[in-house]
Amino acid sequence: RIDLDELELLAAQATPGPWVANNWGRVWYTSNHDSKRLVCDTMRNTVRNPKSWRANARLIAAMREALPELIARVRDLEAENADLRNQLRDALERC
């Protein structure tokens, strides 16, 4: 089972977004002041395939941006699921 609390904590402790990827496999943090800071470099110590570098960097940057919303959506859906289960249980008990 995925630990949403742990993922949320990791996201909170990581460099804030937005993160963007470039074509050389690097992931950058961009601030409101148009400055960039390197977050990670997928070229180093990885496969020697530029397509993989770019794809890895794009995935890392995209997941950093999407993670908070994904966590919130999972929590909302879990709550909705629990509510629907309770409604179903109550309805079956009345039958």
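Residues numbered from 1 in each chain as written. Predicted model: local features only at pLDDT ≥ 70, side-chain atom pairs only at ≥ 80, totals over all residues. Heavy atoms only, no water.

Our focus in this paragraph is the environment of R85. For R85, the location among the structural elements is in helix α2 (residues 50-94). Looking at R85, its side chain comes within polar contact range of the side chain of N81, at 2.8 Å. (Helix = DSSP H or I, 4+ residues; strand = E, 2+ residues; numbered from the N terminus. Polar contact = N/O pair within 3.5 Å; in protein donor to acceptor, adjacent residues only side chain to side chain.)

Per the counting criterion, the structure on display carries 6 salt bridges. The closest approach of N and O atoms between D41 and R26, which form a salt bridge, is 3.3 Å. Taken together, the positions of D41 in strand β3 (residues 36-41) and R26 in strand β2 (residues 26-30) put the pair 15 residues apart, joining distant regions of the chain. Taking the relative accessible area as the measure of exposure, D41 reaches 16% and is therefore buried. Residue class for R26 comes out partly exposed when judged on its relative accessible area of 23%. R89 is paired through a salt bridge with D90; the nearest N and O atoms lie 3.5 Å apart. On the basis of relative accessibility, which here comes to 41%, the residue R89 falls in the partly exposed class. For D90, a relative accessible area of 31% corresponds to the partly exposed category. Three or more residues are tied together by salt bridges with common partners; here these are D5, E8 and R75. (Salt bridge = Lys/Arg side-chain N within 4 Å of Asp/Glu carboxyl O. Buried < 20%, exposed > 50% of the residue type's maximum accessible area, 1.4 Å probe, protein only.)

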